[in-house]
Structure formats: structure tokens, C-alpha cells
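Here are the chains, one letter per residue:
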Amino acid sequence: EKYLGTIPANPAPPKVTTKEPEQRGERRVIVRKFAQLPILMIGYHVPESAHPDYYPLQALQTILFSGQSSRMYQRLVDKDQLALTVNGSVQFAFDPTLFVINSQPKAGVEPAQVERTIFDELDRLKNGGVTDEELQKAKNILVANFYRQLKTINGKANAIGTYEVFLGDYRKLFTAADDFAKVTKEDVRRVAAGYFTENNRTVATLVPEVQAPKQPD
């Protein structure tokens, strides 16, 4: 009772009402330092996890970046052979957050070329949408991953806590598989067109510099 007894509940903290102003133009950051290869990062503003667009954004992320058959891997790594790696994700968040795309160009490839190819692939999705097969494959991956995490006690506890904290109600856990299944091709195209815009992005590039030789002691 002394060490493991009930902890009295405190009043809920007030909700944060301050919001970051809408970004009204592309921002760019260039970092120059010693490195073997350049790195490209692109961030797009997206809503918090409790927003209805959470599930379409998860499907979009899966179609673009999940595995070697994903659109971005096929285009940048396999077909055009411009990059060693490419990935993208949006993490659980209380507040509006970022959908972050990372890529490491191959030696001799300019980051600007990788950047243009990423934008081209995003435009292709925004304008042409996705296929039935792509969407179903994404749903299969998402639902399989969802159930896989519930196989352990730790996974169950983490899922309950995640849905309660970030999505506002642990009971949403029980309808998650259905919510993934409800995502349509138009939902995926809509969120891509709505969030992957020029004014809504920040582009950061690491430009390698030659390390200055050490002076003898």
C-alpha cells in the first residue's frame, strides 16, 4: 500500500492553444562540415497524430518508403541509382509535426539532383494517385505491423499508452485495423497534394567539406 498503492489523480493540465503560424514559403538550410557524403533532408508540416489524416498519412508513408518495392526506393536507389538510401516517416506527436524525408546521395551525385527526383516522384503521386494494388499492399503492411506489436505484453502496453496519449483515447486501438482499411486512394492523393507543397517544406542539405590537415605539434 505504501509503495505500490493508488496514486491520486491530479487535474488535467490546460490544453495548449498557441499554434505555429502557417509556413508561407519554402525555407532552406545549408550546413557545411567535414563528411564523406552529402545528406538531404526535407520536412513537410503535417497535423498531430489525433488528426483524421493520421491514417492516410501512414498509408502514404508506406507506399512511398516501406521496403525495396516502395516508390522512392525503386526510383532513387534501383532505377536512377542516385542515392544509397532514402526513407521518410512521421512520428507520433501531440502537436502538429513534420513528415521528414532523408536521403544520402551516392558519391558524385549532387544533392540537388536527388532533390528534384524526390519532388518529381511526389508530383507523380499527387497528380496520378496510387493503384489499388499499392494501397492494398500498404494496408496489409500497416495492419500486419499493428497486430505484430500486440503479440507481447510490452507491445500491448505500449500500444494502449500510445493511443491514449497521442490519439486521445486508448479505445481507438480497437478500431485501428478498420481505420486503416477505410483509407481510400483519394485520401492518399488528397493528403499528398495538401501537405507536400513548396510553401510547406523546409530543405536542409549537408555539403561535405575537406577536413583541414592537422598541423604537426
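None of these values were measured; they are calculated from a predicted model.

### Looking at the overall build of the protein
A count of helical and extended segments in the protein gives seven helices and five strands. Over its C-alpha atoms, taken along the principal directions, the protein stretches across nearly 65 × 60 × 40 Å. Across the 217 residues in the protein, those meeting the buried criterion constitute 36%. The contacts of the protein with a sequence gap of at least 6 include a subset with a gap of at least 24, amounting to 76%. Put simply, the protein shows about 13900 Å² of open surface, and 54% of that area lies on carbon and sulfur atoms. Charge separation in the protein, taken as the distance between the mean sites of 28 positive and 26 negative side-chain charges, equals 2 Å.

### A closer look at the packing of helix α1 (residues 54–65) against helix α2 (residues 71–79)
Remark: α1 packs on α2, axes separated minimally by 4 Å, with the N-to-C direction vectors making an angle of 30°. Classed by the angle they form, the pair α1 and α2 counts as roughly parallel. Of the residues in α2, those touching α1 at Ile63, Leu64 and Phe65 are Arg71, Met72 and Tyr73. Residue classes in the contact of α1 with α2 are distributed as five nonpolar, no polar and one charged.

### Section: the pattern of salt bridges
Pairs can form between side chains of opposite charge whenever their charged atoms are close. Counted by the stated rule, this structure contains 14 salt bridges. Between arginine 124 and glutamate 121 there is a salt bridge, and its shortest N-O distance comes to 2.5 Å. Here glutamate 121 and arginine 124 lie together in helix α3 (residues 111–128), a separation of three residues that amounts to about one turn. One network of salt bridges, with partners in common, ties together Arg75, Asp80, Asp120, Glu121 and Arg124.

### Describing the pairing of strand β5 (residues 201–209)
Here strand β1 (residues 27–34) pairs with β5 via eight bridges, running parallel. From the neighbouring strand, isoleucine 30 faces β5, where its bridge partner is threonine 205. Relative to β5, strand β2 (residues 39–46) is paired through six bridges, and the arrangement is antiparallel. Bridge pairing links isoleucine 42 to valine 203 in β5.

### Digging into the packing of aromatic side chains
Inspection of the entire model under this criterion finds eleven aromatic pairs. Through pairs of rings, three or more aromatic residues link up here, namely Tyr54, Tyr55, Phe92, Phe94, Phe166 and Phe180. Positioned above the aromatic ring of phenylalanine 119 is the side chain of arginine 201, whose terminal nitrogen or guanidinium carbon lies 3.8 Å from the ring centre.

### Considering the sheet that holds strand β3 (residues 83–89)
Taken in spatial order, the five strands make up an open sheet running β1-β5-β2-β4-β3, and their pairing is mixed. What marks the edges here is a single partner per strand, and that holds for β1 and β3. With strand direction ignored, the average angle separating the axes of adjacent strands in the sheet is 15°. As paired strands, β2 and strand β4 (residues 97–105) are joined by seven bridges and run antiparallel to one another. Across the sheet, the residue bridging to leucine 40 is serine 103, located in β4.

### What to know about α1
Here α1 is twelve residues long and its end C-alpha atoms lie 16 Å apart, about the 16 Å a rise of 1.5 Å per residue gives. With respect to burial, α1 is a largely interior element, twelve of its twelve residues being buried. Among the residues of α1, those classed as buried are Tyr54, Tyr55, Pro56, Leu57, Gln58, Ala59, Leu60, Gln61, Thr62, Ile63, Leu64 and Phe65. Once α1 finishes, glycine 67 follows within two positions and takes phi at roughly 85°, a positive value.

### Focus: the side chain of arginine 71
With respect to the element layout, arginine 71 can be found in helix α2. For arginine 71, a relative accessible area of 10% corresponds to the buried category. Contacts of arginine 71, omitting those with residues within four sequence positions, involve Ile63, Leu64, Glu121, Arg124, Leu125, Gly129, Val130 and Glu134.

### Quick look at the pairing of β4
Here β3 runs beside β4; their pairing, made up of six bridges, is antiparallel. Within the sheet, the bridge partner assigned to serine 89 lies in β4 and is valine 100.

Conventions used here
- Residues numbered from 1 in each chain as written.
- Predicted model: local features only at pLDDT ≥ 70, side-chain atom pairs only at ≥ 80, totals over all residues.
- Heavy atoms only, no water.
- Helix = DSSP H or I, 4+ residues; strand = E, 2+ residues; numbered from the N terminus.
- Buried < 20%, exposed > 50% of the residue type's maximum accessible area, 1.4 Å probe, protein only.
- Contact = heavy atoms within 4.5 Å.
- Areas by Shrake-Rupley, 256 points an atom, 1.4 Å probe, with all protein chains shown as cover.
- Lys, Arg positive; Asp, Glu negative; His and termini not counted.
- Charge placed at Lys NZ, Arg CZ, Asp CG, Glu CD.
- Axes fitted to C-alpha atoms, helices over the stretch in contact; angles between N-to-C directions.
- Parallel < 35°, antiparallel > 145°, perpendicular 65-115°, else oblique.
- Nonpolar A, V, L, I, M, F, W, Y, C, P; charged D, E, K, R; others polar.
- Salt bridge = Lys/Arg side-chain N within 4 Å of Asp/Glu carboxyl O.
- Pairing = 2+ DSSP bridges.
- Phe/Tyr/Trp six-rings, centres within 6.5 Å; stacked < 30°, edge-to-face > 60°.
- Lys NZ or Arg CZ within 6 Å of the ring centre and 35° of its normal.
- Expected span 1.5 Å × (residues − 1).

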